[in-house]
Amino acid sequence: MLAELSIENIAVIRRAQIRFDQGLNIFTGETGAGKSILIGAIGAALGSRTSKDLIRTGETRAKVSALFTRITGAAADKLSALGIDAGEGELALSREITADGNLCRINGMSATVAQLRAAGMLLLQTHGQQDSWLLSQEETHLGFIDQFGGLEAQREQYTAAFERMRALKSRLSSLESDEAARVRKADLLRYQVNEIESARLTDGEEEELSARRRVIRNAEQLTELFSHCHEILAGNEEHAGVISQLSEAASDLEAVKRYIEGFAQSAEAVRNYQYELDDLSERLREQLEELDFNPRELDEIEDRLETIAKLKKKYGSSISEILAFGEEAAQQLADIEGFEQDASVLAAELAEAEDTAQKLSAALTDARRDAAERLTRAVEQELHELDMPHARMDVSFSAKSLSEDGGDAVEFLLSVNPGEALKPLSKIASGGEMSRIMLGIKGVLSGREEIGTLIFDEIDAGISGRAASKVGAKLRAAARGRQIICVTHLAQVAAYGEHHLLIEKEISGGRTFTEIKPLDEQGRVAELARIMNGEPITPLSLENARELLANTRVLGAEQWMLNSFG
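The numbering scheme is per chain: residues are counted from 1 as the chain's sequence reads. Given that the model is predicted, a residue must reach a pLDDT of at least 70 before its local features are reported, and side-chain atom pairs must reach 80 or more before they are shown or counted; all residues, however, enter totals for whole chains, interfaces and linings. Each side-chain value is worked out from all heavy atoms of the structure, with water and hydrogens disregarded.

K.L.:
Tell me about the overall build of the chain, and name the residues and values.
P.N.:
A tally of helices and strands in the chain yields 20 helices and 15 strands. Taken against the 2.2 N^0.38 rule, which gives 24 Å for 566 residues, the C-alpha radius of gyration of the chain at 43 Å runs more than 25% over that of a compact globule. Between buried and exposed lies partly exposed: a residue is buried under 20% and exposed over 50% of the maximum accessible area for its type, with that area taken using a 1.4 Å probe on protein chains only. Relative to its 566 residues, the chain shows a buried fraction of 41%. Note on areas: Shrake-Rupley, 1.4 Å probe, and residue coverage restricted to the protein chains presented here. When the accessible area of the chain is evaluated, it comes to approximately 30500 Å², of which 49% is carbon and sulfur surface. Charge counting follows a simple rule: Lys and Arg are positive, Asp and Glu are negative, and His as well as the terminal groups are ignored. Lysine's charge is taken at NZ, arginine's at CZ, aspartate's at CG and glutamate's at CD. When the 64 basic and 95 acidic side-chain charges of the chain are each reduced to a single mean position, those positions are 10 Å apart. Under the DSSP-based scheme used, a helix requires at least four consecutive residues in state H or I and a strand at least two consecutive residues in state E, with every element numbered from the N terminus. Based on C-alpha atoms, the radius of gyration is set beside the globule rule, defined as 2.2 Å times the residue count to the power 0.38.

K.L.:
Can you tell me about the packing of aromatic side chains, naming the residues and giving the values?
P.N.:
Classification of ring pairs rests on two measures: the distance between centres of Phe, Tyr or Trp rings, Trp counted by its six-membered ring, which must be within 6.5 Å, and the angle between planes, read as stacked under 30 degrees, edge-to-face over 60 and tilted in between. A full pass over the atoms with the stated rule returns four aromatic pairs. Plain terms: the ring middles of Phe 144 and Phe 412 are 6.5 Å apart, the flat faces sit at 20° to each other, and that makes the pair stacked. One end of the pair, Phe 144, is in helix 5 (residues 141-149); the other, Phe 412, is in strand 10 (residues 406-415), with 268 residues separating them in the sequence. A residue is classified by how much of its surface remains accessible, and Phe 144, at 8% relative accessible area, is buried. Aromatic pair Tyr 315 and Phe 325: ring centres 4.8 Å apart, planes at 35°, arrangement tilted. Taken together, the positions of Tyr 315 in helix 12 (residues 295-315) and Phe 325 in helix 13 (residues 319-337) put the pair 10 residues apart, joining distant regions of the chain. Using a relative accessible area of 8% as the deciding quantity, one classes Tyr 315 as buried. According to the relative accessible area criterion, Phe 325 is partly exposed, its value standing at 30%. For the cation-ring pair, Arg 56 lies above Phe 513, with the distance from its terminal atom to the ring centre recorded as 4.6 Å. In this analysis the charged atom, NZ for Lys or CZ for Arg, is taken to sit over a ring once it is within 6 Å of the ring centre and within 35 degrees of the ring normal.

K.L.:
Could you give me a rundown of the side chain of Thr 514, with the residues and numbers involved?
P.N.:
Within the secondary structure, Thr 514 is located in strand 15 (residues 511-518). Overall, the relative accessible area of 3% leaves Thr 514 in the buried class. With residues near it in sequence (within four places) discarded, Thr 514 still touches Val 12, Ile 13, Ala 33, Ile 503, Glu 504 and Lys 505. In this analysis, two residues are considered to be in contact whenever any of their non-hydrogen atoms come within 4.5 Å of each other.

K.L.:
Run through unusual backbone geometry, naming residues and quoting values.
P.N.:
Look at the link from Glu 535 to Pro 536: it is a cis peptide, with omega at -5°. Tracing the chain through its elements places Pro 536 in the loop between helix 19 (521-533) and helix 20 (539-565). Backbone geometry at Asn 9 places phi at a positive 60°, although glycine is not the residue there. Summarising the element assignment, Asn 9 is placed in strand 1 (residues 2-10). One non-glycine residue, Asp 387, lies in the positive phi region at around 65°.

K.L.:
I'd like a rundown of the pairing of strand 1, residues and numbers included.
P.N.:
With eight of its nine residues buried, strand 1 lies for the most part within the structure. By the bridge criterion, six bridges tie strand 1 to strand 4 (residues 61-68) in an arrangement that is antiparallel. In the sheet register, Ile 7 faces strand 4, and the bridge partner there is Val 64. In this sheet, strand 2 (residues 13-19) lies alongside strand 1 in antiparallel orientation, the contact comprising six bridges. Two strands qualify as a pair provided DSSP detects at least 2 bridges between them.

K.L.:
I'd love a proper account of the packing of helix 10 (residues 242-256) against helix 11 (residues 264-290), names of residues and values included.
P.N.:
In a packed pair of helices, the relevant descriptors are the angle between the two axes and the axis-to-axis distance. Axis lines are fitted through C-alpha atoms, for helices just across the contact stretch, and the angle between N-to-C directions can take any value from 0 to 180 degrees. Helix 11 packs onto helix 10 with a crossing angle of 160° between their chain directions and a minimal axis gap of 8 Å. Of the possible angle classes, the one that applies to helix 10 and helix 11 is roughly antiparallel. Relative to helix 11, helix 10 is oriented so that their crossing is left-handed. In this structure, helix 10 contributes Val 242, Ile 243, Leu 246, Ser 247, Ala 249, Ala 250, Ser 251, Leu 253 and Glu 254 to the contact, and helix 11 contributes Ser 266, Ala 267, Val 270, Arg 271, Tyr 273, Gln 274, Leu 277, Asp 278 and Ser 281. In these notes the angle categories are as follows: under 35 degrees is roughly parallel, over 145 is roughly antiparallel, 65 to 115 is roughly perpendicular, and the rest is oblique. Take the far helix as your reference; a near helix turned counterclockwise from it by less than a right angle gives a left-handed crossing, and one turned clockwise gives a right-handed crossing.

K.L.:
Tell me about the nonpolar core, and name the residues and values.
P.N.:
Most often, soluble globular proteins keep nonpolar side chains buried together rather than apart. Take the buried residues of types Ala, Val, Leu, Ile, Met, Phe, Trp, Tyr and Cys, join any two whose side-chain atoms come within 4.5 Å, and each joined set is a nonpolar core. By size, the foremost hydrophobic cluster in this structure holds 55 residues, and its most contacted members are Leu 135, Phe 412 and Leu 425. If near-sequence neighbours (up to four positions away) are discounted, Leu 135 is found in contact with Thr 140, His 141, Phe 144, Phe 412, Leu 425, Met 434, Ile 437, Met 438 and Ile 441.

K.L.:
Explain the pattern of salt bridges to me, using residue names and the numbers behind them.
P.N.:
A pair is scored as a salt bridge if a Lys or Arg side-chain nitrogen falls within 4 Å of a carboxyl oxygen belonging to Asp or Glu. Enumeration according to the criterion identifies 31 salt bridges in this entry. Between Glu 382 and Lys 474 there is a salt bridge, with its nearest N and O atoms 3.1 Å apart. Separated by 92 residues along the polypeptide, Glu 382 in helix 14 (residues 339-385) and Lys 474 in helix 17 (residues 465-478) bring together distant segments of the chain. Taken together, the shared-partner salt bridges connect Asp 146, Arg 155, Arg 368 and Asp 408 into one network.

K.L.:
Any chance you could break down the sheet that holds strand 9 (residues 392-403) for me, citing the residues and the numbers?
P.N.:
Strands sit in the order 9-10-11 across an open sheet of three strands; the sheet is antiparallel. Of all strands in the sheet, those bounded by a partner on one side alone are strand 9 and strand 11 (423-424). The pairing of strand 9 with strand 10 spans nine bridges and is classified as antiparallel. The residue bridging Asp 394 from the neighbouring strand is Leu 413, located in strand 10. Contacting strand 9 and strand 10, helix 5 runs over the sheet at an angle of about 95° to strand 10.

K.L.:
Run through the sheet that holds strand 1, naming residues and quoting values.
P.N.:
The strand order across the open sheet built from six strands is 2-1-4-5-6-7, with neighbouring strands paired in antiparallel fashion. In the strand order of this sheet, the two ends are held by strand 2 and strand 7 (109-111), each with one partner. Between one strand axis and the next, the sheet turns through 15° on average, direction left out of account. Bridge analysis of strand 4 against strand 5 (residues 91-98) gives eight bridges, and the strand direction is antiparallel. Its bridge partner lying in strand 5, Ala 66 is registered against Leu 93. Strand contacts of helix 3 (residues 113-123): strand 4, strand 5, strand 6 (101-106) and strand 7, with the helix running at about 135° to strand 5, the strand carrying the most contacts.

K.L.:
Break down the environment of Leu 402 for me, with residues and values.
P.N.:
Secondary-structure assignment places Leu 402 in strand 9. Considering only alpha carbons, one finds Leu 402 and Gln 358, 44 residues apart in sequence, at a separation of 8.0 Å. Non-local contacts of Leu 402, meaning those with residues more than four positions away in its chain, are made with Tyr 158, Phe 162, Met 165, Ala 357, Gln 358, Ser 361 and Gly 407.

Here it is, written out as structure tokens:
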């Protein structure tokens, strides 16, 4: 449950520390006192979208923190699967909002807004007046049925089959598109593949050719340099070379080392130098032979490099990219040339996928019809307890083309008076009836949800009198064993609260401040009197408030007995 909420510099709330309890927590206050801001602050802590405009005027940062306790069972397991540790059954979520962005934390560790949102969805759920509007949208009805029937896994299995069917259909359609375009594409690919393959390119070839061309273009100077260096090392008919001289020096030192041990390493070093220079001399000789080239070789190199340059302009900035382009073009050509075979295989796969999707859709429809029957009966019972004693509900099913959610178009039907035919809920339900229907659906679904905290934000809009009292009793009953936070403007609903918090604003120094404080018995009586009769509060209005509070306690106990023992 949500145990504690801390707010700093959120709109008109400068600072607030709010403690919550199990059961039904009621928030009331004058219009504009900040009830919606409170709900927004809770949402911000749980990863809802927000902006820097939420920061209190004159401040540079806002912060909201939410502490959840008593987290056990499935919620703890799902948090763990997300990498979030709810050890000791507690989880602290916080979010700091600045002009530059958000700083989020989970149990003091840095987190992302997405992680806050993922955790929040497992811990708390908010229902507001917009939910009643959603109820008027037929596309939402299917979700209620699937949730009530526990059909999520079955729906996911169907959706996977549908997506495979759609992907195969797209691939086949692509293959069967413009045949003329396919022929033109094949001709172009064939030309490109032939041009690249006939060039017989190899990786590194361009670099080798460029190096060879550089040598040939400078052959005369290189011949001169190599010859001179070789003559210095190997000598000629007129004088001995360095190698010969080093050989003599090494021999002399080897003779010396027999008498003076210190020259042994020197003799070895000189001999090694001789060997190295021997190798160098041989390389120079080989290089001189290579410089003896055919005059046509340079022309051949230039032609080859020009061919490579032309291919680079068409197919890539290097030989490796040209070769990769050729491989891709060859694969595309093979795909096109194998069209008939591929199309036949894809058509067979598509037929099988369509059959699978149709069968799964039919099974899902059967399961939905069964769930819809049970859902409407359960909601009818809820509505009877919410002062709609003659309410009847049903679900209209019609077939539609297969889509991500199946082949069913559904619509809730309603009749609220005896003798009236069932008609589309979205067309005949009043605002107050829509609120009660939504509350009834949520009451039925809540038993299938594992979320420990539910927030109802003025879901009682559009109702009053006895119906409002029934809504309050229903909320009180639904709060058994879980936590419900309810923002209301109705005294008949507020009186059922087990914990009552007042949101009030005051203006000081030209600034608006909102404070949130828990009410004791006397405070509750005064607040209920204000809601029912307004200001000023009279002795009679206080007496009416006390009577309302006493009656709801009796009715709440009776409802508890009814729920517990039938």
